[in-house]
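Examining the three-dimensional arrangement
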Amino acid sequence: MRASFYDELSEKLYKEIPDTSSASNKVMLHIDQFSVGQSYVTAKVENRFGDIVSINIEGGRQGIDLQETLFRLKGRLPRYAYVVATINETGKTLVRKLPVLGIKDWLLIYEDDLFLLAVKDAYDEIEIRTVD
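So, here's what we can say about the structure.

Conventions used here
Residues numbered from 1 in each chain as written. Predicted model: local features only at pLDDT ≥ 70, side-chain atom pairs only at ≥ 80, totals over all residues. Heavy atoms only, no water. Helix = DSSP H or I, 4+ residues; strand = E, 2+ residues; numbered from the N terminus. Buried < 20%, exposed > 50% of the residue type's maximum accessible area, 1.4 Å probe, protein only. Contact = heavy atoms within 4.5 Å. Salt bridge = Lys/Arg side-chain N within 4 Å of Asp/Glu carboxyl O. Patch = residues over 30% accessible without salt bridge, like charges linked within 9 Å, V, L, I, M, F, W, Y side chains within 5 Å. Areas by Shrake-Rupley, 256 points an atom, 1.4 Å probe, with all protein chains shown as cover. Lys, Arg positive; Asp, Glu negative; His and termini not counted. Charge placed at Lys NZ, Arg CZ, Asp CG, Glu CD. Polar contact = N/O pair within 3.5 Å; in protein donor to acceptor, adjacent residues only side chain to side chain. Pairing = 2+ DSSP bridges.

1. Considering the environment of D51
In this structure, D51 sits in the loop between β3 (40-46) and β4 (52-58). In this structure D51 comes out as partly exposed when scored by relative accessible area, which is 42%. Sequence-wise, D51 and K12 are 39 residues apart; in three dimensions their C-alpha atoms are separated by 35 Å. Discounting chain neighbours no more than four positions away, the residues touching D51 are V45 and E46.

2. Side note on the pattern of salt bridges
As enumerated under the stated definition, the model contains 7 salt bridges in all. In this structure, K12 engages E16 in a salt bridge whose closest nitrogen and oxygen atoms are separated by 3.8 Å. Taken together, the residues span about one helical turn, with K12 and E16 both in helix α1 (residues 8-16) at a distance of 4 residues. Here R76 makes a salt bridge to D132, at a shortest N to O gap of 3.0 Å. Of the two residues, R76 is situated in the loop between β5 (63-67) and β6 (80-86) and D132 in the segment after β9 (125-131); the sequence distance between them amounts to 56 residues.

3. Looking at a negative patch on the surface
On the surface, D32, D121, D124 and E125 cluster together to form a negatively charged patch. Topologically, D124 is positioned in the loop between α2 (112-119) and β9.

4. Examining the side chain of D65
Following the sequence through the fold, D65 ends up in strand β5. Notably, D65 is buried but unbridged: the nearest opposite-charge side chain belongs to K104, and the N-O separation is 4.4 Å. Only 3.0 Å separates the side chain of D65 from the backbone nitrogen of G102, close enough to count as a polar contact. A distance of 3.4 Å separates polar atoms of two side chains, one belonging to D65 and the other to Y110. The residues touching D65, leaving out its near neighbours within four places in the chain, are L101, G102, I103, K104, W106, L107, L108 and Y110.

5. Here's the deal with the pairing of β5
The buried count for β5 comes to 5 of 5 residues, which makes it a mostly enclosed element. Side chains G63, D65 and Q67 project from β5 onto one buried face, and the interleaved I64 and L66 project onto a second face that is buried too. Here 3 bridges tie β5 to strand β8 (residues 107-110), and the two strands are oriented antiparallel to one another. Within β8, the residue paired with I64 across the bridge is I109. In the sheet, β5 pairs with strand β7 (residues 93-104) via 4 bridges, with the strands oriented parallel. Bridged to Q67 within β7 is K104.

What follows is the structure in structure tokens.
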């Protein structure tokens with residue numbers, strides 16, 4: 001079955017995503033509920049240690065700040081992260097390639113479409129694959 005994509009950019013980027021069997025490069029986050037702020041949305045997820053970690057999604061500049069307990073970074077900073085979400089209503093796949101900006105105490109994603117769809121509570125899982 002051929003995947004259905006949110007837009008042309010998602011289709012192009014989907015073909016670029018490196019296949020990785022390494023758990024250190026791939027994280028799947030299940031989001032129960034988004035909380036909408038003035039110019040951002042937040043959600044809580046559980047990391048591999050059972051701790052609750054915040055996710056913040058904002059529009060504007062493109063990029064991502066990783067959260068160390070969600071990824072096994074081992075002192076390295078990946079160059080890019082592919083963020084993949086499936087839209088609940090349509091089943092279409094949204095893909096974005098974001099430059100990794102740094103490491104924070106919470107996961108920050110800066111991307112307009114992910115932000116707008118989160119405001120609408122249009123997806124409940126995000127897969128993130130990092131690339132060195």
